Amino acid sequence: MQRWIVISGVLALLLTGSGAFAYWQHKQNAPAPMWVPLAVRGEFPVAERDQTIRDLNSKLHDPEVLRQVVKDTDLIEKWDVGSEREAMQELAGRIYVRMGDMRSAMGTVPAVHIGVTGKVREKELSGQIAVRLMQDVWKILGVNPPPKG
């Protein structure tokens, strides 16, 4: 009888452990977009704001910008793709520019979110890519980046 109790205890422990592992794996594949907000004036006209978003999106999808981001963040190796072209295509599919909000000292203000879609397991890499894209956004907008610190 004691043998069956031990066997059922071990079996319950294995089932609980495998269930926890399966749940963790499921959570690792959940979507986790990462973005950097760029505050805009509240009185900025909607038509101009939409045009700016379209322009930023098209310029961030420029092959030269994509190529430089792939090189700077070493995406060929990190995404385990065969070539630079494949990494550029994957990156182009993940980049987005959209309207959103951000918290500031003055409360919630409208912002443009420049970001990258990804999974929870890629959260750190997606954040690095989003920060790297902001370097190009500053150049595209012709604005000096804010001081670090």
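Please read these numbers as outputs of a predicted model, since none were measured by experiment.

How should I be thinking about helix α3 (residues 63-73) in this particular structure?
Every buried residue of α3 is accounted for by Val65, Leu66, Val69, Val70 and Thr73. The buried residues of α3 occupy one face: seen down the axis, they fall within an arc of 135°. Relative to its buried face, α3 has exposed residues pointing more than 90 degrees away, namely Glu64 and Lys71. Where α3 is buried, its residues meet α2 (46-60), α4 (75-78), α5 (84-94), β2 (95-104) and α6 (123-141).

Could you clarify how one ought to interpret the packing of α3 against α6 in this entry?
A pair of packed helices is characterised by two quantities: the angle between their axes and the separation of those axes. Viewed as axis vectors pointing N to C, α3 and α6 meet at an angle of 135°, and their least axial separation amounts to 10 Å. With respect to α6, the element α3 is oriented oblique. In the crossing of α3 with α6, the sense of the turn from one axis to the other is right-handed. Taken together, the residues of α6 that come into contact with α3 (itself represented by Val65, Gln68, Val69, Asp72 and Thr73) are Gln128, Ile129, Arg132, Leu133 and Asp136. The residue makeup of the contact of α3 with α6, split by class, is four nonpolar, three polar and three charged.

Any chance you could explain the sheet that holds β2 here in plain terms?
Whenever strands of a sheet pair, they do so through backbone hydrogen bonds, lying parallel or antiparallel. Spatial strand order, β1-β3-β2: three strands in an open sheet with antiparallel pairing. A single partner strand is all that each edge strand has here, and the edge strands are β1 (34-39) and β2. Taken over all neighbouring pairs, the strand axes of this sheet differ in orientation by 35° on average, direction set aside. Of the pairings in the sheet, the one linking β2 to strand β3 (residues 107-116) comprises 10 bridges and is antiparallel in character. Within β3, the residue paired with Arg103 across the bridge is Thr108. Of the strands in this sheet, β2 and β3 touch α2, which is tilted by about 130° from β2. Where α5 meets the sheet, it contacts β2 and β3, and its direction lies at approximately 45° from that of β2.

Reading guide: rules and limits
- For every chain, the first residue of the written sequence is number 1, and numbering continues from 1 along that sequence.
- In keeping with the predicted nature of the model, local features appear solely for residues at pLDDT of at least 70, side-chain atom pairs appear and are counted solely at 80 or more, and the whole-chain, interface and lining totals rest on all residues.
- Side-chain descriptors were evaluated using all non-hydrogen atoms of the structure, hydrogens and water having been removed beforehand.
- Categorising residues by exposure relies on relative accessible area from a 1.4 Å probe, with only protein chains included: less than 20% of the type maximum marks a residue as buried, more than 50% marks it as exposed, and the intermediate range marks it as partly exposed.
- Secondary structure elements follow DSSP: runs of H or I no shorter than four residues count as helices, runs of E no shorter than two count as strands, and numbering proceeds from the N terminus.
- Directions drawn from the helix axis to the C-beta atoms are what define this arc.
- Should any heavy atoms of two residues lie within 4.5 Å, those residues are considered in contact.
- Think of each axis as a best-fit line through the C-alpha atoms, taken over the contacting stretch in the case of a helix, with angles from 0 to 180 degrees between the N-to-C directions.
- Angles are sorted into four bins: roughly parallel if under 35 degrees, roughly antiparallel if over 145, roughly perpendicular if 65 to 115, and oblique for all others.
- By definition, turning the near helix anticlockwise from the far helix through less than a right angle yields a left-handed crossing, and turning it clockwise yields a right-handed one.
- Following the grouping adopted for this structure description, the nonpolar residues are Ala, Val, Leu, Ile, Met, Phe, Trp, Tyr, Cys and Pro, the charged ones are Asp, Glu, Lys and Arg, and the polar ones are all others, Gly among them.
- Note on pairing: DSSP must find at least two bridges between two strands before they are called paired.

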